[in-house]
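Below, each chain spelled out in residue letters.
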Amino acid sequence: ENTFGFLSSVYSYPNIILPLFGGILVDFFGVRRAAIVFTGLVFLGSLMFSLGLWINSTALMILARVIFGLGGESQCVTCLTLISQWFAGKELAFATAIIIAISRLGSVAAFNSQPGLVTSIGVVGASMIGTGLCVISCIGSWIVFG
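Here the residue numbering is sequential within each chain, running from 1 through the sequence in written order. Local features in a predicted model are, by the rule used here, given only for residues with pLDDT of at least 70; side-chain atom pairs are given and counted only at 80 or more, and totals for whole chains, interfaces and linings are based on all residues. Excluded from the side-chain calculations are hydrogens and water; all other atoms, namely the structure's heavy atoms, are used.

**Some words on the overall build of the protein**
So, step 1. Along its length, the protein carries five helices and zero strands.
So, step 2. Counting from the N terminus, the helices are DSSP H or I runs at least four residues long and the strands are E runs at least two residues long. Counted from the first residue to the last, the protein has its helices and strands arranged as α-α-α-α-α.
So, step 3. What you see for the protein is a C-alpha radius of gyration of 16 Å, in line with the 15 Å of a compact globule of 146 residues.
So, step 4. Three labels apply to residues, based on accessible area from a 1.4 Å probe with only protein chains included: buried if under 20% of the type maximum, exposed if over 50%, partly exposed otherwise in between. Among the 146 residues that make up the protein, the fraction classed as buried is 29%. Only C-alpha atoms enter the radius of gyration; for comparison, a globular chain is expected to reach 2.2 Å times N to the power 0.38, where N is the number of residues.

**Brief notes about the packing of aromatic side chains**
So, step 1. Ring pairs are drawn from Phe, Tyr and Trp, using the six-membered ring of Trp, whenever the two centres fall within 6.5 Å, and their geometry is named by plane angle: stacked under 30 degrees, edge-to-face over 60, tilted for the rest. Tallied over the entire structure, the rule returns two aromatic pairs.
So, step 2. Aromatic pair Tyr11 and Phe68: ring centres 5.8 Å apart, planes at 50 degrees, arrangement tilted. Of this pair, Tyr11 sits in helix H1 (residues 2-12) while Phe68 sits in helix H4 (residues 58-86), placing them 57 residues apart in sequence.
So, step 3. Overall, Tyr11 belongs to the buried group, its relative accessible area being 14%.
So, step 4. Residue Phe68 is classed as partly exposed on the basis of its relative accessible area of 22%.
So, step 5. Ring centres 4.8 Å apart and planes at 90 degrees place the aromatic pair Phe28 and Phe29 in the edge-to-face group.
So, step 6. Since its relative accessible area comes to 65%, Phe28 is described here as exposed.
So, step 7. Judged by its relative accessible area of 44%, Phe29 is partly exposed.

**With respect to the side chain of Asn15**
So, step 1. Along the polypeptide, Asn15 turns up in the loop between H1 and helix H2 (18-29).
So, step 2. Under the relative-accessibility criterion, Asn15 is labelled buried at 11%.
So, step 3. For the purposes of these results, a polar contact is taken to be a pair of N or O atoms within 3.5 Å, where, inside protein, one atom must be able to donate a hydrogen and its partner to accept one; residues adjacent in sequence count only when each atom of the pair is a side-chain atom. In this structure the side chain of Asn15 is engaged in a polar contact, spanning 2.7 Å, whose partner is the backbone oxygen of Tyr11.

**Looking at the confidence of the model for the protein**
So, step 1. Per residue, pLDDT captures the predictor's confidence, and it can take any value from 0 to 100. For the protein, per-residue confidence averages 90 on the pLDDT scale, and 99% of positions sit at 70 or higher.
So, step 2. Ranking the elements of the protein by mean pLDDT puts H1 last, at 82, and helix H3 (residues 31-55) first, at 95.

Pasting the structure below:
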């Protein structure tokens, strides 16, 4: 349980500050490049985490969560920036609300599906499904922004 809490912390604590730098990077490099880079970091972190589970390496899992965190919340900043470019006036608040609601729906789906997946295919398999979803996100980023 201590390891689980620490793995959560190495993602959460840095992301109190990291979105500020993510915003600077989005402003400097643009939404398109930032979206691809941050989505790639999330994928890389997820892949490394799954590998860490497979080889039972806590150090690799910790590094993976840091890399995942470098992309995760900054990816949210990128998404909100993109929404602000596409929508104006009264539409902006509702579009932002939809993005936040979908994000929370994804979190709920992940938390609710994990116990069943772990029971049926194991922890590594469940993690690889998450990594597979990251691959789909990377492909989507390349299609939209590449």
